[in-house]
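Structural description and commentary
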Amino acid sequence: MKYSEDVANKLNELLEKNYDAEKGYKFAAEKVKNPQLQSFFNERAKERYDFGHELKSEIRNFGEAPEKGTSLAGDVHRTWMNLKTSFSSDKEEAVLEEAVRGEKAAVEEYNEVLKDTNLPASTGNILTKQRDSITSSLNKVKSMENKW
């Protein structure tokens, strides 16, 4: 496998995770009644949409094709979130717990890709910026979770 294919594959995995997160945040915004949470989740969905476009552009820079669509794991996670919120008396808390879990996984996935010391600087910069933004969101979700 060529190096450009290898990097593009890693970026496509992150792209798929961002599709999952975008869809998950839209779903979360629909599940909660609190306007502050709805706004937060909608902002996160938009952010992940933007991350997806940055990743697609970077993948194309390697002469590769971006993947389309969400993953089976993401679809299962949203189904689980739906079930959990259906049976929970506190939908906000249940959704926040799942958001924390998803953001922790995303940070780990970004860190794994960023371990590649041969990543081009442009790719490393994009991934670091996105990971740091996800970390910031994670911290905000944790603080919101403590309020519930």
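Whatever comes next refers back to the structure up there.
Residues numbered from 1 in each chain as written. Predicted model: local features only at pLDDT ≥ 70, side-chain atom pairs only at ≥ 80, totals over all residues. Heavy atoms only, no water.

Structural notes on the nonpolar core
Formed by 17 residues in total, the largest nonpolar core has its most connected members in Leu 11, Leu 14, Leu 55, Tyr 110, Leu 127 and Ile 134. Put simply, the parts of the chain that give this core at least two residues each are α1 (3-31), α2 (35-61), α4 (91-114) and α5 (121-147). Of all the elements, α1 adds the most residues to this core, at six residues. Ignoring any residue separated from it by four or fewer positions in sequence, one finds Leu 127 in contact with Leu 11, Leu 14, Leu 55, Tyr 110, Val 113, Leu 114 and Leu 119. (Core = buried A, V, L, I, M, F, W, Y, C linked by side-chain atoms within 4.5 Å. Buried < 20%, exposed > 50% of the residue type's maximum accessible area, 1.4 Å probe, protein only. Helix = DSSP H or I, 4+ residues; strand = E, 2+ residues; numbered from the N terminus. Contact = heavy atoms within 4.5 Å.)

As for the packing of aromatic side chains
Here the distance between the centres and the angle between the planes together describe a pair of aromatic rings. As enumerated under the stated definition, the model contains two aromatic pairs in all. Connected via pairs of aromatic rings, a cluster forms that spans Tyr 25, Phe 40 and Phe 41. (Phe/Tyr/Trp six-rings, centres within 6.5 Å; stacked < 30°, edge-to-face > 60°.)

Re the pattern of salt bridges
Per the counting criterion, the structure on display carries 12 salt bridges. Put simply, Arg 101 and Glu 98 hold a salt bridge, and the shortest N to O gap is 2.7 Å. Here the residue Arg 101 and the residue Glu 98 both occupy positions in helix α4, the gap between them amounting to three residues, near one helical turn. A residue is classified by how much of its surface remains accessible, and Arg 101, at 45% relative accessible area, is partly exposed. Sharing partners across several salt bridges, the network here consists of Asp 6, Lys 10 and Asp 116. (Salt bridge = Lys/Arg side-chain N within 4 Å of Asp/Glu carboxyl O.)

Shape is all these values report; function is a separate question.
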